[in-house]
Amino acid sequence: MKHIKMNIFKKVALAIVFCTLFLNGFSQIGFLKTQGTSIVNANGENVILRGAGLGGWMLQEGYMMQTGGFAGTQYQLKNKISELIGVEGMEEFYDAWLTNYCTKADVDSIASWGFNSIRLPMHYNLFTLPIEDEPVKGKDTWLNRGFEMVDNLLSWCAENEIYLILDLHAAPGGQGKNADISDYNPNKPSLWESDENKRKTIALWKNLAERYANEPWIGGYDLINEPNWDFENSGNQNGCNCNQNKPLWDLYQQTITAIRTVDPNHIIIVEGNCWGNNYNGLPKLKNWDNNLVVSFHKYWNHNNQASIGGMINQRNSQNVPFWLGESGENSNTWFANAINLVERNNIGWAWWPYKKIDSTSGNLSATKTQGYQKLLNYWGSGGTKPSEVQAKQWLLEQAEMLKIENCTINYDVNDAMFRQAQGDKKALPFKNHTVPGTIFASDYDLGANGFAYYDTDTADYHVSTDEYIAWNQGYAYRNDGVDIENCKDETTNGYNVGWTEKGEWMIYTINVDSTASYTFDFRYAANGAGGKFHLQCNEFPVSKVHSLPSTGGWANWNTYTIDQLVLEKGTHQLKLFIDNAGFNINYLKLHSPVSKSQINPEFINLRTDKTGNFIQVIGNIGFDQTNQLSVSDFEVKVNNVNSEIKTLNYDSNNENAILIELSNEVINADKVNLSLINKQLLSVYGNYFPHFTDSPVQNNAPVWVVLPAKIEAENFTFNNGFEIEVCTDKGEGHNLSYAAPKKYADYQIYVNEAGNYPIQYRLASQNSGSFETQLIHNNEQTTLHSVSASTGGWQSWQTISRNASLPEGKSTLRIFVLQGEFNLNWFQFDQKTAISNTLLSKENFSISQINNNKELLIISRGKQQESYQIKCFDIIGNQVFIENIDFNFQTSVKLKNTPKNQGLHIIVITNNNISEIHKIQVF
């Protein structure tokens, strides 16, 4: 057997590195060890491994090469390349690939971003020959290339003081039916079907262990990546149903024994069947060795405690550390939440993959060349075959793009994995945006959903929900929930934001050169009319809501211009808010500044505050606050009825605003209009703001759910720690999930009449989750009752009933988690009486119920036949139905359409002469 020892020059280089570290005081770090359920260094200090996974370097999986449709495994891709450019050409391409993918500059960058380890996925064929090619059966030929690559990588890791974990990603013969992962060829004996492949696997690990036994920057040996094999004819080819997994445990034990004959120092890592998730039959690991770690993998499932609950139980039972050896391929939201979850449980991680062609989810993205795309087109669809010279050039060009200097750093991914995962989610600048200047829509700030942007779809949980979610529907540029696609407008950074939805927004940190009024160009494309947007600066409106006309197509770009957008000098957060969906966005351009004194005063926003106590009147420039105000200057109407103004003052916090305090607060369902009468309002420059009459006021008052009613769990007013997921319960929709202890969600409720109310909760829990329902009324907090549930599954729903004594008026209802985890779909307050009505006027109509089907009877007190329009709205102002009817004197009409949901509804009856409003409760 030919045994290749470490190159003497590499030994000298490593010796120099370690001597330097010793002189600098790092010798105490030593080897990583296990201590109970923790990984510790030589000083006994807890170590959470934060690793970059070098997927795609030594082993190319088809999806990473974009060849999955015709060459999923590496050997298939090599055959495709050899057919085009010959075996020598293929080897030249792979030599360039292996040389360029990972260099010292890569490792320097990995360390600088915050990683403290690297997981190296190894293909055995870089270290030894396949058993079919061995000159002498039962003997091993050792190859220099793989060992030299590890030597180089280890020296770079040592210089950066980060650990290197060796991972046998493709074992001799292949370890799973999921062939891409391990380069498995079903026409040859697998690892599990060949004693010779098993023997070679053990010999390879013994060789590696002997070579690196005394290297402290080797963090551990990950013996076999993601075994997925049905050892027991269990009906699942990937081994997820196996009960014992004996061949896997036996091979691990034999390998550990062999390693310990040459290396007593390093951690050894084992992975379960079923891609590292089936640990059935696992023996007591302490009987094997006292320095073992168990690795599990986590993809596309929920990031709640339950998602790792089985691993935590195994960890506690075995009293050994568990490590998330591989995860990734999802959104930034998922990354931050998953990393936060496992680190809270003292579990380290390694992310997959570090680098990939055209990747938004890796730390680096290697640009796909036009030539490589032509090769993919040829292989995939059978187009024109390129010449050997041309094909080889295209392949080498793509290999050249792997060099870190040719790659794009995905800063948003790194930000999510490190800053956001540690709980800092606020918006930070992504690009340096100066005003005057152009801001591309896709260059919004770094940060979490709800902080730097808001989008309705932010991650993929299809393993848990069976529903795939494309968080970025354009699959381009960035890895957040914002949907970004390639753009071909004349002026572009290459991308535009698309698939906009009502209520979504993005923040851009801007540096404004001077206080001025700017012309604002909004570059957009819309297939139809109806899209609306407005701008805010530091959460304060600086524009009206603007309606966008159609441009005739999603890629037909037009410019919508706003004059007189006033910005102050300094650094600000500019928010682009989508008031109504239906347009793509390329860029925002602010230019042609003029002095504020030269613009015409105008009102740009009328809105209530979040309490419903005040109306804010906002101008584009400041008001002359020496000009005295009187409550008679304005007229407020709530639901077409005059409402008294309590006080009227200039806003001391913003010279562009006037505050109107109302004598009676409004609720979210109220229609509010405002008129400026009698008064001439002066600007700070001495010119007048225009009058306005019955202008609609944006109602930001809280939604007070009038009881009795059914409340969907996701309709909270404040959320501290829950997440929203797709629900499979009747009616579908969404539910709250990831219920961890001390998390809570608040809901604003209004009780017309104090009393005892029955409550029903719709819950699901695989284990036993519990919460208490708290009530905050007049600043006093009480506990109404507690609820616990164990329904046998995260989407197995049950209804649990309780009772609560509720005071009259407004309160905050809080769902406070005692023990995780559970899912909450909705909760419902019931009342014995079926329907009640409170009339705001009784002059012409009365409303009553005629049966138990929520049908309404409207009785007219009119004196002649007249036509009326009946409108019905729910508590938050959504129109439920509209119907035209004819009344005769003292006759009744049964409506064809009636409210289908419970809670407070508003009935509006109008014709040319009469307008009446009736409140009804539907149960």
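Please refer to the structure placed before this passage.
All of the points below concern the structure found in this document. From a predicted model like this one, the values you see are computed outputs, not experimental measurements.

**Considering the overall build of the protein chain**
Across its full length, the protein chain carries 15 helices and 54 strands. Counting only C-alpha atoms and orienting by the principal axes, one finds that the protein chain spans roughly 110 × 65 × 60 Å. Out of the 923 residues belonging to the protein chain, those deemed buried represent 56%. Within the protein chain, contacts between residues at least 6 apart in sequence are counted, and of these 71% link residues at least 24 apart. As displayed, the protein chain offers around 38000 Å² of accessible surface, 46% of which is attributable to carbon and sulfur atoms. If you average the places of the 72 positive and of the 96 negative side-chain charges in the protein chain, the two averages end up 3 Å apart.

**A look at the state of the cysteines**
Scanning the entire structure with this criterion turns up 1 disulfide. In this model C240 forms its disulfide with C274; the gap between the sulfur atoms is 2.1 Å. Since a negative S-S torsion denotes a left-handed disulfide, the C240-C274 link at about 80 degrees is right-handed. Remark: C274 occurs in helix α9 (residues 273-276) and C240 occurs in the loop between β6 (218-222) and α8 (246-260); sequence separation between them is 34 residues. The partly exposed category is assigned to C240, whose relative accessible area is 27%. Residue C274 is classed as buried on the basis of its relative accessible area of 11%.

**What about the side chain of E271?**
Counting through the fold element by element, E271 comes out in strand β7 (residues 267-271). Among the polar contacts made by the side chain of E271, one reaches the main-chain amide nitrogen of E226 at a distance of 2.8 Å.

**What to know about the nonpolar core**
In terms of nonpolar packing, the biggest core is built from 127 residues, with L54, L120, L153, L164, L166, Y221 and L223 touching the most fellow members. The biggest single contributor to this core is helix α3 (residues 74-101), with 11 residues. Not counting residues up to four positions away in its chain, the partners in contact with L54 are Y101, C102, I110, I118, R119, L120, P121, L153 and Y354.

**Some remarks on empty space enclosed by the protein**
What the rule picks out here adds up to 4 cavities of 30 Å³ or more. Volume-wise, the largest cavity comes out at about 70 Å³. Looking at the largest cavity, the residues that line it are Y454, D455, V482, V497, G498, W499, T500, E504, W505, M506 and I578. Here the lining of the largest cavity is built from residues that sort into 7 nonpolar, 2 polar and 2 charged. Approximately 60 Å³ is the volume found for the second largest cavity. Around the second largest cavity, the lining comprises 13 residues; the ones closest to its centre are I39, V47, N346, I347 and G348. Elements represented by at least two residues in the lining of the second largest cavity include exactly β2 (38-40) and β9 (322-328).

**Observations concerning the packing of helix α12 (residues 370-381) against helix α13 (residues 388-400)**
Here α12 crosses α13 at 120 degrees, and the two axes come no closer than 8 Å. Considering the angle they form, α12 stands oblique to α13. Judged by the sense of rotation from one axis to the other, the crossing of α12 with α13 is left-handed. Seen from α12, the contacting residues are G371, Y372, K374 and L375; seen from α13, they are A391, W394, L395 and Q398. Broken down by class, the residue content of the contact of α12 with α13 amounts to 5 nonpolar, 2 polar and 1 charged.

**Digging into the pairing of strand β32 (residues 657-662)**
In terms of burial, β32 is largely enclosed, as 5 of its 6 residues are buried. Where strand β28 (residues 614-619) and β32 come together, 5 bridges link them in antiparallel fashion. Within β32, the residue paired with I615 across the bridge is I660. In this sheet, β32 lies alongside strand β31 (residues 645-650) in antiparallel orientation, the contact comprising 5 bridges. Note on β32: the bridge partner recorded for I645 is L662. In this antiparallel pair of consecutive strands, β31 and β32, the connection spans 6 residues.

**Observations concerning the sheet that holds β32**
Read across the sheet, 4 strands follow the order β27-β28-β32-β31 without closing on themselves; strand pairing throughout is antiparallel. At either end of the open sheet lies a strand with only one pairing partner, and these are β27 (603-608) and β31. Strand-to-strand, the axes of this sheet are offset by a mean angle of 15 degrees, without reference to chain direction. Bridging between β27 and β28 involves 5 bridges; their strand directions are antiparallel. Looking at β28, one finds that N605 is bridged to I618.

**Side note on the pattern of salt bridges**
Once the charged atoms of two side chains with opposite charge are near each other, the side chains can pair. Within this structure, the stated rule accounts for 33 salt bridges. With a shortest N-O distance of 2.8 Å, R119 and E326 are connected by a salt bridge. Taken together, the positions of R119 in strand β4 (residues 117-123) and E326 in strand β9 put the pair 207 residues apart, joining distant regions of the chain. Residue R199 is joined to E196 by a salt bridge in which the shortest nitrogen-to-oxygen separation is 2.8 Å. Taken together, the positions of R199 and E196, both in helix α7 (residues 195-212) and 3 residues apart, correspond to about one turn of that helix. Residues joined in a network through salt bridges with shared partners are R119, D167, D222, E271 and E326.

**Brief notes about the pairing of β27**
Judged by how many residues are buried, β27 sits mostly within the fold: 6 of 6 residues are covered. Taken together, β27 and the strand that follows it, β28, pair antiparallel across an intervening segment of 5 residues, in which G612 is found at a positive phi of about 85 degrees.

**Quick word on the environment of G553**
Looking at where G553 falls in the secondary structure, it is placed in the loop between β23 (546-548) and β24 (558-567). In sequence terms G553 and V631 are 78 residues apart; their C-alpha atoms lie 49 Å from each other. Beyond its immediate chain neighbours, meaning those up to four positions away, G553 contacts A525, A526 and N527.

**Some details on α7**
With 18 residues, α7 should reach 26 Å at 1.5 Å per residue; the first-to-last C-alpha distance of 26 Å fits that figure. For α7, a buried count of 13 out of 18 residues is recorded, marking the element as mostly surrounded by other parts of the structure. The N-terminus of α7 is capped by S194, whose side-chain oxygen sits 3.3 Å from the backbone nitrogen of E196.

**Observations regarding the packing of aromatic side chains**
Taken as a whole and assessed by the stated rule, the structure comprises 47 aromatic pairs. Plain terms: the ring middles of F440 and Y587 are 6.2 Å apart, the flat faces sit at 85 degrees to each other, and that makes the pair edge-to-face. Within this pair, whereas F440 is found in strand β15 (residues 437-440), its partner Y587 is found in strand β26 (residues 584-594), the two being separated by 147 residues in sequence. Residue F440 is classed as buried on the basis of its relative accessible area, which comes to 16%. Y587 sits in the buried class, given a relative accessible area of 10%. Aromatic pair F603 and F692: ring centres 5.1 Å apart, planes at 75 degrees, arrangement edge-to-face.

**Considering unusual backbone geometry**
Following W352, the chain continues into P353 via a peptide bond in cis, with omega recorded as -20 degrees. The backbone of N538 sits at a positive phi, close to 55 degrees, despite the residue not being glycine. Relative to the elements of secondary structure, N538 occurs in the loop between β21 (531-537) and β22 (540-541). The exposure class of N538 is partly exposed, given its relative accessible area of 43%.

Scoring rules and cut-offs
Residues numbered from 1 in each chain as written. Predicted model: local features only at pLDDT ≥ 70, side-chain atom pairs only at ≥ 80, totals over all residues. Heavy atoms only, no water. Helix = DSSP H or I, 4+ residues; strand = E, 2+ residues; numbered from the N terminus. Buried < 20%, exposed > 50% of the residue type's maximum accessible area, 1.4 Å probe, protein only. Contact = heavy atoms within 4.5 Å. Areas by Shrake-Rupley, 256 points an atom, 1.4 Å probe, with all protein chains shown as cover. Lys, Arg positive; Asp, Glu negative; His and termini not counted. Charge placed at Lys NZ, Arg CZ, Asp CG, Glu CD. Disulfide = S-S within 2.5 Å. Polar contact = N/O pair within 3.5 Å; in protein donor to acceptor, adjacent residues only side chain to side chain. Core = buried A, V, L, I, M, F, W, Y, C linked by side-chain atoms within 4.5 Å. 1 Å grid on protein atoms, 1.4 Å probe; cavity = no way out; pocket = protein on both sides within 12 Å on 5 of 7 lines; lining within 4 Å. Points joined across faces, edges and corners; volume = space filled by probe spheres on them. Nonpolar A, V, L, I, M, F, W, Y, C, P; charged D, E, K, R; others polar. Axes fitted to C-alpha atoms, helices over the stretch in contact; angles between N-to-C directions. Parallel < 35°, antiparallel > 145°, perpendicular 65-115°, else oblique. Left-handed = near helix turned anticlockwise from the far one by under 90°. Pairing = 2+ DSSP bridges. Salt bridge = Lys/Arg side-chain N within 4 Å of Asp/Glu carboxyl O. Expected span 1.5 Å × (residues − 1). Phe/Tyr/Trp six-rings, centres within 6.5 Å; stacked < 30°, edge-to-face > 60°.

Just geometry here; none of it tells us what the structure is for.
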